[in-house]
Amino acid sequence: MRVVSGRTLTPAQAQRTDMLYALLKQRAEAGEAFPQNLFICGEMGLSGVDKVQAFILRLIAQNRIVIEREGSLRRAKIVETGAWTAWSKSRGHDAKISTRSEDKRHEMKGAF
């Protein structure tokens, strides 16, 4: 188990934290925008976008990323490489939802 800010992470929390880090690192290396919370939620299999912030804060506490904000926009610096994501896009401009989220929506459609 990993400890962050005096709190022990469950294996699932540690895995999801690593997933977010990998996503942000990939985006930074490609010069792509910081993803919207809805996209992150779909990629990580989270139950709601409100959960994303806790994982971002864990990465900050682990000194793996630095977040810079300008109004509602944000970007992340990967401490290990010094690479930055591009600034996030305003809502509506980055409406792409993770494939995993789309799969879940289709599965849910048939359930009703």
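Residues numbered from 1 in each chain as written. Predicted model: local features only at pLDDT ≥ 70, side-chain atom pairs only at ≥ 80, totals over all residues. Heavy atoms only, no water.

### Observations regarding the overall build of the protein
Counted only if it meets this: Helix and strand assignments follow DSSP, with helices taken as H or I runs no shorter than four residues and strands as E runs no shorter than two, numbered in order from the N terminus. Here's how the labels work: a residue is buried when its accessible area is under 20% of the maximum for its type, exposed when over 50%, partly exposed in between, all with a 1.4 Å probe on protein chains only. Every accessible area reported is derived by Shrake-Rupley at a probe size of 1.4 Å, with residue values counting cover from the shown protein chains alone.
Scanning the protein from terminus to terminus reveals 4 helices and 4 strands. Ordered by position from N to C terminus, the α and β elements of the protein give β-β-α-α-α-β-β-α. Looking at the 112 residues of the protein, the share that counts as buried comes to 33%. In the form shown here, the protein has an accessible surface area of approximately 7,000 Å², with 51% of it arising from carbon and sulfur atoms.

### Let's talk about the environment of Arg58
Here Arg58 shows up in helix α3 (residues 52–61). You can call Arg58 buried: its relative accessible area is 16%. Between the C-alpha atom of Arg58 and that of Gln13, which follows or precedes it by 45 residues, the distance is 9.7 Å.

### Here we look at the packing of helix α1 (residues 11–30) against helix α2 (residues 37–44)
Defined as follows: As a rule, the C-alpha atoms of each element are fitted with a line to give its axis, helices using only the stretch in contact, and angles between N-to-C directions run from 0 to 180 degrees. Oblique is the label for any angle not covered by the other classes, which are roughly parallel (under 35 degrees), roughly antiparallel (over 145) and roughly perpendicular (65 to 115). The hand of a helix crossing depends on one turn: near helix anticlockwise from the far one by less than a right angle means left-handed, and clockwise means right-handed. A contact between two residues is defined here by any heavy atoms of the two lying within 4.5 Å. Classes in brief: Ala, Val, Leu, Ile, Met, Phe, Trp, Tyr, Cys and Pro nonpolar; Asp, Glu, Lys and Arg charged; the others, Gly included, polar.
Closest axis-to-axis distance for the α1/α2 pair is 10 Å, and the angle between their directions is 125°. Classified by the interaxial angle, the pair formed by α1 and α2 is oblique. α1 and α2 meet at a crossing whose hand is right-handed. Counted together, Arg16, Met19, Leu20, Leu23 and Arg27 of α1 and Phe39, Ile40, Glu43 and Met44 of α2 form the full contact between these two elements. Looking at the contact of α1 with α2 residue by residue, the class counts come to 6 nonpolar, no polar and 3 charged.

### Structural notes on the packing of aromatic side chains
As a reminder, the rule being used: Stacked, tilted and edge-to-face are the three classes assigned to paired rings of Phe, Tyr and Trp, where Trp is represented by its six-membered ring and a pair needs centres within 6.5 Å; plane angles under 30 degrees give stacked, over 60 edge-to-face, the rest tilted. Two thresholds decide whether a charge sits over a ring: the Lys NZ or Arg CZ must be within 6 Å of the ring centre and within 35 degrees of the ring normal.
Applying the stated criterion across every chain, the model contains 0 aromatic pairs. Above the face of the Phe55 ring, Arg58 is positioned so that its terminal group lies 4.7 Å from the ring centre. Against the face of Trp84 rests Arg75, its NZ or CZ located 4.1 Å from the ring centre.

### Looking at the packing of α1 against α3
It is at 10 Å that the axes of α1 and α3 come closest, and there the two elements cross at 80°. One element, α1, and the other, α3, form an angle in the roughly perpendicular class. Counting all contacts with α1, which are made through Gln13, Arg16, Thr17, Leu20, Tyr21 and Leu24, the residues of α3 involved are Phe55, Ile56, Arg58 and Leu59. For the contact of α1 with α3, the per-class residue count stands at 6 nonpolar, 2 polar and 2 charged.

### Re the nonpolar core
The following threshold applies: The definition of a nonpolar core used throughout is a set of buried Ala, Val, Leu, Ile, Met, Phe, Trp, Tyr and Cys residues joined through side-chain atoms within 4.5 Å.
Formed by 18 residues in total, the largest nonpolar core has its most connected members in Leu20, Leu24, Ile40 and Ile65. Mapped by element, the contributors of at least two residues to this core are α1, α2, α3 and β4 (73–78).

### Describing the environment of Ala22
Among the structural elements, Ala22 can be located in helix α1. Among the residues examined, Ala22 registers a relative accessible area of 43% and is labelled partly exposed. C-alpha of Ala22 to C-alpha of Ile78: the two residues are 56 residues apart in sequence and 10.0 Å apart in space.

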